[in-house]
Amino acid sequence: MPIKSYLAHPHKDKKDELFKALSSIEQCEVIPAENKDLLILITDTQNNFEEDTLKEKLETITSLKLLAMVSGFNTPKNT
Amino acid sequence: MKRLGIISLFTLLFAVFIIVWNYSYQSGLEEAYIPINNNKPTSYFLENEGMEYSKFDLDYANMPFDENHQRTLEEYYKNRAYYGAPPIIPHSVKEDLNIGRNSCLQCHQSGGFSKRFKAYAPIVPHPEMTNCKQCHVPQKSNSLFSETNFKKGKFPEVGVNSALNGSPPTIPHPIQMRKNCLSCHATPSTPKKIRVTHPERIDCMQCHVQSNNNINISELEVFIRKNYTNEK
Amino acid sequence: MYTSVLTDRRSFIKRMALLSAMTAAATMFPGILFAEEQERGLPKNGNLDWKKAPCRFCGVGCGVLVGIENGKAVAVKGDPKSEVNKGLCCVKGYHSVIAMYGKDRLTKPLIKKNGKYVETSMKEALDLIASKMKETIKDYGKDAVSIYGSGQWTIPDGYVASKLFKGCIGTNNVEANARLCMASAVTGFMTSFGMDEPMGCYEDIDYADVFVLWGNNMAEMHPVLFSRMLDQRSKRNIKIIDLATRTTRTSKASDRSIIFEPQTDLAIANAICYEIIKNGWVNKSFVEKHCNFSKGLTNIGYGLEDKFKFKDKPEKITFEEYKKFLEDYTPEKVSKLSGVSVRDIKYMASYYGDPNKKVMSLWCMGVNQHTRGTWMNNLVYNIHLLTGKISEPGNSPFSLTGQPSACGTVREVGTLTHKLPKGVVMNKKHREIAAKIWDVPVENISPKPTYHTVEMFRALDRGDIKFMWIQVTNPMVTMPKLKRYRDAAKKEGRFIVVSDIYPTPTTDIADVILPSAMWIEREGMYGNSERRTQYFEQMVEPPGESMSDTWQLIEVAKRMGYEKQFYYKEETHIEEIYNEYIQFHKGKKHGMAPLEVLKEESGAIWPYVDGKSTQWRFNSKYDPATTKEGFDFYGKPDGRAVIWQRPYEPAAEVPDSDYPYWLNTGRVIEHWHTGSMTRRIPVLHKAMPYAYVELNPEDAKRMRIKTGDKVKLTTRRGEIIMPASVNERGIPAPMQVFVPFFDENMLINDITLDSFCPISKEPDYKKCAVKVEKV
């Protein structure tokens, strides 16, 4: 169950757009910064396959300038 | 050719000297005006600054475990009016006529066993602040002027701050003025419950994150309850 | 060992992921914020909600963050964003919220009926006050009613008090406890600069090289600023000089402790000026361009008699005349008088004179509570003016205050008998401005000042005043020669209303006691010593029927028929009042920051011009109100500050064979003012449970007195018995004693002298003659 956190940098003046785009994806949790052009993205997927599809999806978002991973967890399914 | 090289080297040095001298002369002229930094104040205590070892050469890893003279967490909390309050001085103070400084730091800078109090001296996490009695006062009396309704409130508990068996607990308290983790978590005066088992690992915040609802506690008061999605 | 309560691992890991991302974001963008809404799920400690406020206690005005949980204030921490204290408080500030929760908090109005206090409703109490006021005015005239407040009044409290009494009723019987603590600072500023309050700010501490403390035990009284000095000392080479009459924690922490004979600070300041002139350290171009020289009357008396009147007659003099005058103050002569060595006088003068050293002078009650307090203030300014060390970063004569809003309310709103929010009652133009903003006929405002504080209580004794309303202060502990005024208040035919939060010796003399809402139980603003106005919102509910002092006054004003002037709505009255008030100060010289700015920031320093605080006044580099390059002391019509020729004159009462000791009074770090709040904070009370008399160890040895022994102090006003303290908190010089005044069970003011500075009318609590005996 990979859980990862990223810093998402939007293109100029595209913060709202990016927020909407990311929020619409099921596996994503988004926390926008109030005073800076930056969003925190937490992704939570069941397995590596789902993770890969999510990545592809993220890459298609036009308002996203840069996605920098901060931390990632991957633990076995049980418990 | 060699001579030419030496001459050009000296010419170059001379030119550099002229430039440097001119620059320093110019900046000397400007000094009459003190530029005022209009930025927000730099706080004495930055919450998200990295952890510091005590500057005073304590070999924490080799400090004794002295089960007989260990404080309990209850004793540790007892000296505070509320969670986060500066602790009182629980012993009599030799000299009232000073701000603290060396007379307090003698024991509280590096710790050690006090025969007089039969206890290990707790180590101050902010030894650079020397006006100790500004915030810490001894207690001369047990009576009250009048009763109070103020309740102490809850203090953080131990053992409830981790996710899993063995996962690193989060930091349940603010770290303003308490940047030096080891001064409270790895000395002989440390209550058993909050003693760290691995003082040799320096970067505490690598594994222990602050669980106070924000990274920077100082920013809290400016939080405005906003529902981002409802905006425009 | 680890028994996890977090059953949902997944969400915990998510939180960890979020936290590390936030940490990373914060290192990239310092100060980044994330909406609270998004953080619901994060583990918290309780539900603490941190809100900003200025500290309730002293005039430093630290920014604090108050932790609120379930509607109660439960914790305090320093506000790291505050430019005043940068996150550090003192022991009083850290425990301040406990002061709201004493068990004996007043929660219901009490009316005295047949010698007993009877609980009543707020409505009935306010009706009674209004009708009593109307009746008194009808029978004895408007100057028979009075109000006495303090520097603990918020800005709106003081403003409505002034509007009601000066504007509507038409009496100048408005005074405040601040008369007892910074009136000399005000008259000092007015006579030297024509405008009140310091030209510099606390940031001067970060630039100054030398600090001279004039009778100011900062380590205990202004500990946060003192720590800021110590912090500088650990970073740069600075010097702290403690010039005092008593050895204190400040003396011990300073680089040089200089002890002088009481009252001789006047001579020492003149000797420093003498040395500056003699050694050619005068900043000639500064003095020629920006200063005048003046002298005033001498032998001006001590105000000991009722209805004492004094008016100074300033007269211009030349530099040569001033120089001649100073010849009486050679270090050698002054050394004999003051007990300070010639070397020490020259040492201080050399720092003031050194053009490469930035010097900050700091003072508070030692200089102000002085029968020549105005002179003493003038003399410190003289030193800074002669050397041109003023109005620039690090060069700063800085007058500190003791109450949270002594500056903001008493000095700026002007709750003193001669003052109006802008200017003075004697000035027709100023009265017209006030009448217009207050919406009253200009004839309503009387052009004649009535009673200053001491005289107001004397008038109560004589019966000239019949009705007095006392808010947020405790005069039955703080008045000098207290017994006379306590007896006065109890006389037949006097009606006293006291608004307070706890029973005190002052509520003991009341006919009506109103329970007040304090500090963050209501909304308001304070103004601190560095001209910084700070706002606080209401954070918790006041107990019982407690009501803010502002609203008490508004309710009474309405009952007296002034609905038109007191049109304020209950929900928005603080905002309405503040917006009305700042109209008085419009302009570059005293503009106040709009309320939105105060709500956002940790206060703003006036003059607030074009969205910016003015940190250094009178200097064209920093102050937009100046009209010429360099310095412009625009408080005076010709833009020049005044260097005053002020001689040494002895104290009102000096030790003699019957009363051979000096008696000095003051404060301790644990208690603030009369202790009615701090003594109800267990930590502070236990640290300092009762008052004591400090003796010099030599004197104590001779009289065989040791710590704890009972000692009787006798002055011409009376006697008091208290425990001795030898070699503890402070060490008075030989033949001097010191007593803190916070303890209502040992009222030292029963025996102090009510002499005052004839110019400022501020009493001298620091000097009278006393007999000391072992009991």
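Residues numbered from 1 in each chain as written. Chains lettered and ligands numbered in written order. Predicted model: local features only at pLDDT ≥ 70, side-chain atom pairs only at ≥ 80, totals over all residues. Heavy atoms only, no water.

**Q** Give a description of the overall build of chain B that names residues and reports values.
**A** Looking only at helices and strands, one finds 4 helices and 2 strands in chain B. Each helix and strand of chain B, ordered N terminal to C terminal, gives the series α-α-α-β-β-α. Carbon and sulfur atoms provide 58% of the accessible area of chain B, an area that totals close to 14,200 Å². (Helix = DSSP H or I, 4+ residues; strand = E, 2+ residues; numbered from the N terminus. Areas by Shrake-Rupley, 256 points an atom, 1.4 Å probe, with all protein chains shown as cover.)

**Q** Any chance you could break down the overall build of chain A for me, citing the residues and the numbers?
**A** When you go through chain A residue by residue, the secondary structure sums to 2 helices and 4 strands. Put simply, chain A runs from its N terminus to its C terminus through helices and strands in the order β-α-β-β-α-β. Relative to the 2.2 N^0.38 estimate, which gives 12 Å for 79 residues, the radius of gyration of chain A is 13 Å and therefore close to what a compact globule would have. Reported as C-alpha extents along the three principal axes, the dimensions of chain A are approximately 40 × 25 × 20 Å. Counting only residues that meet the buried cut, chain A has 47% of its 79 residues in that class. Residue pairs in contact within chain A that sit at least 24 positions apart in sequence constitute 67% of those at least 6 positions apart. Accessible area of chain A: about 4,300 Å², with a carbon and sulfur share of 52%. Across chain A, the centroid of the 10 positively charged side chains sits 5 Å from that of the 13 negatively charged ones. (Rg over C-alpha atoms; globule rule 2.2 N^0.38 Å. Buried < 20%, exposed > 50% of the residue type's maximum accessible area, 1.4 Å probe, protein only. Contact = heavy atoms within 4.5 Å. Lys, Arg positive; Asp, Glu negative; His and termini not counted. Charge placed at Lys NZ, Arg CZ, Asp CG, Glu CD.)

**Q** Please set out the nonpolar core residue by residue, giving values where relevant.
**A** If you look at the biggest cluster of nonpolar residues, it comprises 151 residues, and the most contacted ones within it are W214, Y322 and L385 of chain C. Per-element tally for this core: the top contributor is helix 9 (residues 265-278) of chain C, with 10 residues. Setting aside residues no more than four positions away along its own chain, L385 of chain C makes contact with F193, F286, V287, C291, I390, F633, A641, V642 and I643 of chain C. Counting 82 residues, the second-largest nonpolar core is a separate cluster that includes Y82 and M177 of chain B together with C62 and A208 of chain C. (Core = buried A, V, L, I, M, F, W, Y, C linked by side-chain atoms within 4.5 Å.)

**Q** I'd like a rundown of the side chain of K15 of chain A, residues and numbers included.
**A** All names here are of chain A. Considering the arrangement of structural elements, one finds K15 in helix 1 (residues 15-23). Of the side chains bearing the opposite charge, D37 lies closest to the buried K15, which forms no salt bridge; the N-O distance is 4.6 Å. Looking at K15, its side chain comes within polar contact range of the main-chain oxygen of A33, at 2.5 Å. (Salt bridge = Lys/Arg side-chain N within 4 Å of Asp/Glu carboxyl O. Polar contact = N/O pair within 3.5 Å; in protein donor to acceptor, adjacent residues only side chain to side chain.)

**Q** How would you sum up the pattern of salt bridges? Please name residues and give values.
**A** Here the idea is simple: oppositely charged side chains can pair when their charged atoms come close. Residue and element names in this part refer to chain C. One pass over the full model with this rule turns up 53 salt bridges over all chains. For R462, the salt bridge goes to E455, with nearest N and O atoms at 2.9 Å. With relative accessibility at 28%, the residue R462 sits in the partly exposed group. Salt-bridge contacts for E653 lead to R716; the nearest nitrogen and oxygen are separated by 3.2 Å. Taken together, the positions of E653 in the loop between strand 24 (641-645) and strand 25 (661-666) and R716 in the loop between strand 27 (710-715) and strand 28 (718-726) put the pair 63 residues apart, joining distant regions of the chain. Look at E653 and you get buried, because its relative accessible area is 9%. When its relative accessible area of 43% is taken as the criterion, R716 is described as partly exposed. Here the salt bridges share partners, and the residues they tie into one network are D306, E455, R458, D461, R462, D464, R484, K491 and D754.

**Q** Hey, could you go over the sheet that holds strand 19 (residues 524-527) of chain C for me, with residue numbers and the actual values?
**A** Residues and elements named next belong to chain C. Spatially, 3 strands are ordered 19-20-21 in an open sheet, and the strand pairing comes out antiparallel. Here the strands that pair on one side only, and so sit at the sheet edges, are strand 19 and strand 21 (604-605). Two elements, strand 19 and strand 20 (residues 532-536), share 4 bridges in a ladder whose sense is antiparallel. Directly across from M525, in strand 20, lies its bridge partner Y535. (Pairing = 2+ DSSP bridges.)

**Q** Go over helix 16 (residues 406-414) of chain C, please, and point to the residues and values.
**A** Residue and element names in this part refer to chain C. Along helix 16, 9 of the 9 residues are buried, which leaves the element largely enclosed by surrounding structure. All of the buried residues in helix 16 are A406, C407, G408, T409, V410, R411, E412, V413 and G414. Buried residues in helix 16 make contact with helix 4 (155-169), strand 7 (174-176), helix 5 (183-193), strand 19 and helix 22 (573-581).

**Q** With reference to specific residues and values, describe the sheet that holds strand 3 (residues 39-44) of chain A.
**A** One key point about sheets: their strands pair by backbone hydrogen bonds, in either a parallel or an antiparallel sense. Residues and elements named next belong to chain A. Pairing in this open sheet of 4 strands is antiparallel, and the strands run 2-3-1-4 from one edge to the other. In this open sheet, the two edge strands, each paired with only one partner strand, are strand 2 (28-32) and strand 4 (64-74). Each adjacent strand pair in this sheet contributes to an overall mean axis angle of 20 degrees, direction not counted. Sheet topology note: the strand 2/strand 3 ladder contains 5 bridges and is antiparallel. Considered in strand 3, the bridge of V30 is made with L41. (Axes fitted to C-alpha atoms, helices over the stretch in contact; angles between N-to-C directions.)

**Q** Let's hear about the environment of F10 of chain B: which residues, and what values?
**A** Residue and element names in this part refer to chain B. Along the chain, F10 falls in helix 1 (residues 2-30). On the basis of relative accessibility, which here comes to 55%, the residue F10 falls in the exposed class. Separated by 99 residues in sequence, F10 and Q109 place their C-alpha atoms 54 Å apart.

**Q** I'd like to hear about the pairing of strand 14 (residues 359-363) of chain C, residue by residue, with values.
**A** All names here are of chain C. Where burial is concerned, most of strand 14 is hidden: 5 out of the 5 residues are buried. Residues V359, S361 and W363 of strand 14 are buried on one face, and the alternating residues M360 and L362, pointing to the opposite face, are buried as well. Across 5 bridges, the pairing between strand 8 (residues 210-214) and strand 14 is parallel. Among the inter-strand pairings, F211 is bridged to a residue of strand 14, identified as M360. Where strand 14 meets strand 15 (residues 396-399), 4 bridges bridge the pair, whose relative direction is parallel. Within strand 15, the position partnered with W363 by the bridge is S399.

**Q** So what's going on with a nonpolar patch on the surface? Residues and values would help.
**A** Residues I6, L9, F10 and L13 of chain B make up a contiguous nonpolar surface patch of about 410 Å² in total accessible area. With respect to the helices, strands and loops of the structure, L13 of chain B is situated in helix 1. (Patch = residues over 30% accessible without salt bridge, like charges linked within 9 Å, V, L, I, M, F, W, Y side chains within 5 Å.)

**Q** Which residues make up the packing of aromatic side chains, and what values go with them?
**A** Residues and elements named next belong to chain C. Taken as a whole and judged by the stated rule, the model has 36 aromatic pairs over all chains. Ring geometry for F193 and F618: centres 6.3 Å apart, planes at 15 degrees, overall stacked. Taken together, the residues F193 in helix 5 and F618 in the loop between strand 23 (612-613) and strand 24 connect sequence positions 425 residues apart. F618 gets classed as buried once you look at its relative accessible area, which sits at 1%. Taking 5.7 Å as the distance between ring centres and 35 degrees as the angle between the ring planes, the aromatic pair formed by F193 and F633 counts as tilted. Taken together, the positions of F193 in helix 5 and F633 in the loop between strand 23 and strand 24 put the pair 440 residues apart, joining distant regions of the chain. Across the pair, exposure class does not vary: F193 and F633 are buried alike. In this structure an aromatic cluster arises from ring pairing among F189, F193, F286, W363, Y381, F618, F631, F633 and Y634. Sitting over the ring of W50, K77 keeps its end group 4.1 Å from the ring centre. (Phe/Tyr/Trp six-rings, centres within 6.5 Å; stacked < 30°, edge-to-face > 60°. Lys NZ or Arg CZ within 6 Å of the ring centre and 35° of its normal.)

**Q** Can you explain the state of the cysteines? Please cite residues and give values.
**A** All names here are of chain C. Going through the model one piece at a time under the given rule, you end up with 0 disulfides over all chains. Free cysteine C62: the closest other cysteine sulfur is in C89, separated by 5.5 Å. Assessed through its relative accessible area of 9%, C62 is described here as buried. Looking at the unpaired C757, the closest cysteine sulfur is the one in C181, lying at 14 Å. (Disulfide = S-S within 2.5 Å.)

Worth remembering: the numbers are spatial, not functional.
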